[in-house]
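# Commentary on secondary and tertiary structure
The residues making up each chain are set out below.
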Amino acid sequence: VQLQASGGGLVQTGGSLKLSCLASGRTFRGHAVGWFRQAPGKEREFVAAITRTHGGTIYADNVKGRFTISMDNAKNTVFLQMSSLNGGDTAVYYCAADARIINSSIRRPEQWDFWGQGTQVTVSS
């Protein structure tokens, strides 16, 4: 599956932004889908995911209550709605998909097979 992330940009502290991840070549059906981010000089970290089974959602503690991951199956698109943004959210955001990943591995970026190209989110004070 090929993934294309979009929607990044510059936003002020406290603002909101919605990222999109479009899948092509194959649908998201049967896949877990997730968002990760990587700030300069830091490792890629887990943000949120929709699990492969049951379609449940998992969030990193530092975004819980502020970010919402969702999927539009008809558009083959996964979204990440981000609100109450702060400087700590500045990073390149990547979407990912995997057809075999289990929930206990979902926070580990090395376990995901397919990645989008990343979209930059910059939060200014």
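This write-up is about the structure you can find in this document. Chains are numbered independently. Their residues run from 1 in the order of the written sequence. Confidence filtering applies because this is a predicted model: local features only for residues at pLDDT of at least 70, side-chain atom pairs given and counted only at 80 or more, and all residues used for totals across whole chains, interfaces and linings. For side-chain calculations, the full set of non-hydrogen atoms in the structure is used, while hydrogens and water are omitted.

## Considerations on the overall build of the protein
Runs of E in the DSSP output that reach at least two residues are strands. Runs of H or I that reach at least four are helices, and both are numbered from the N terminus. Looking only at helices and strands, one finds zero helices and eleven strands in the protein. Along the protein, from the amino end to the carboxyl end, the secondary structure elements read β-β-β-β-β-β-β-β-β-β-β. Expected size for 125 residues packed as a compact globule is a radius of gyration near 14 Å; at 13 Å, the protein falls within 12% of this value. Once the C-alpha set of the protein is aligned to its principal axes, its extents read approximately 40 × 30 × 25 Å. Note on areas: Shrake-Rupley, 1.4 Å probe, and residue coverage restricted to the protein chains presented here. Roughly 6400 Å² of accessible area belongs to the protein as shown, and the carbon and sulfur atoms make up 47% of that amount. Atoms considered for the radius of gyration are the C-alpha atoms alone. The globule rule reads 2.2 Å times the number of residues to the power 0.38.

## So, the environment of Gln-38
By the element assignment, Gln-38 lies in strand S4 (residues 32–38). As for Gln-38 and Leu-17, which are separated by 21 residues in sequence, their C-alpha atoms are 17 Å apart. Once residues lying within four places of it in the same chain are set aside, the contact partners of Gln-38 are Glu-43, Arg-44, Ala-91, Val-92 and Tyr-94. The contact criterion used is simple: two residues touch if any of their non-hydrogen atoms lie within 4.5 Å.

## Structural notes on the state of the cysteines
Two cysteine sulfurs form a disulfide in these notes if their separation is within 2.5 Å. Per the stated rule, a full pass over the model turns up one disulfide. Each sulfur in the disulfide pair Cys-21 and Cys-95 lies 2.1 Å from the other. Across the S-S bond of Cys-21 and Cys-95 the torsion is about 65°, and the bridge reads as right-handed. Remark: Cys-95 occurs in strand S9 (residues 91–98) and Cys-21 occurs in strand S3 (residues 17–24); sequence separation between them is 74 residues.

## Points about the environment of Gly-8
Structurally, Gly-8 is set in the loop between strand S1 (2–6) and strand S2 (9–12). Placed 84 residues apart in sequence, Gly-8 and Val-92 show a C-alpha to C-alpha distance of 8.4 Å. Filtering out sequence-adjacent residues up to four positions away, Gly-8 remains in contact with Leu-17, Leu-19, Thr-119, Gln-120 and Val-121.

## A few points about the sheet that holds strand S8 (residues 77–82)
Taken together, the four strands give an open sheet; going across it, the order is S1-S3-S8-S7, and neighbouring strands pair in antiparallel fashion. The sheet is open, and its two edges are formed by S1 and strand S7 (67–72), each paired on a single side. Taking the axes of each pair of neighbouring strands and ignoring which way they run, one obtains an average angle of 15° across the sheet. When DSSP locates at least two bridges between a pair of strands, those strands are taken to pair. Note on method: axes are straight lines fitted to C-alpha atoms, helices fitted across the in-contact stretch only, with angles between N-to-C directions ranging 0 to 180 degrees.

## Some points on the pairing of S8
A 1.4 Å probe rolled over the protein chains alone gives each residue an accessible area, and that area as a share of the maximum for its type sets the label: buried under 20%, exposed over 50%, partly exposed in between. The buried count for S8 comes to five of six residues, which makes it a mostly enclosed element. Relative to S8, S3 is paired through six bridges, and the arrangement is antiparallel. Bridge pairing in S8 links Leu-22 to Thr-77. Summarising the sheet, S7 and S8 pair through six bridges and their orientation is antiparallel. Paired with Ser-70 across the two strands is Phe-79, which belongs to S8. Counting the residues in the hairpin turn of S7 and S8 gives four residues, including Asn-76, whose phi is positive at 50°.

## Observations regarding the nonpolar core
Grouped together as the largest cluster of nonpolar side chains are 39 residues, with contacts concentrated most on Trp-35, Leu-80, Met-82 and Tyr-93. Those residues within four positions of Tyr-93 in sequence are excluded, and the remaining contacts are Leu-19, Trp-35, Phe-36, Arg-37, Val-47, Phe-67, Leu-80, Met-82, Gly-118, Thr-119 and Val-121. In these notes, a set of buried Ala, Val, Leu, Ile, Met, Phe, Trp, Tyr and Cys residues joined through side-chain atoms within 4.5 Å is what counts as a nonpolar core.

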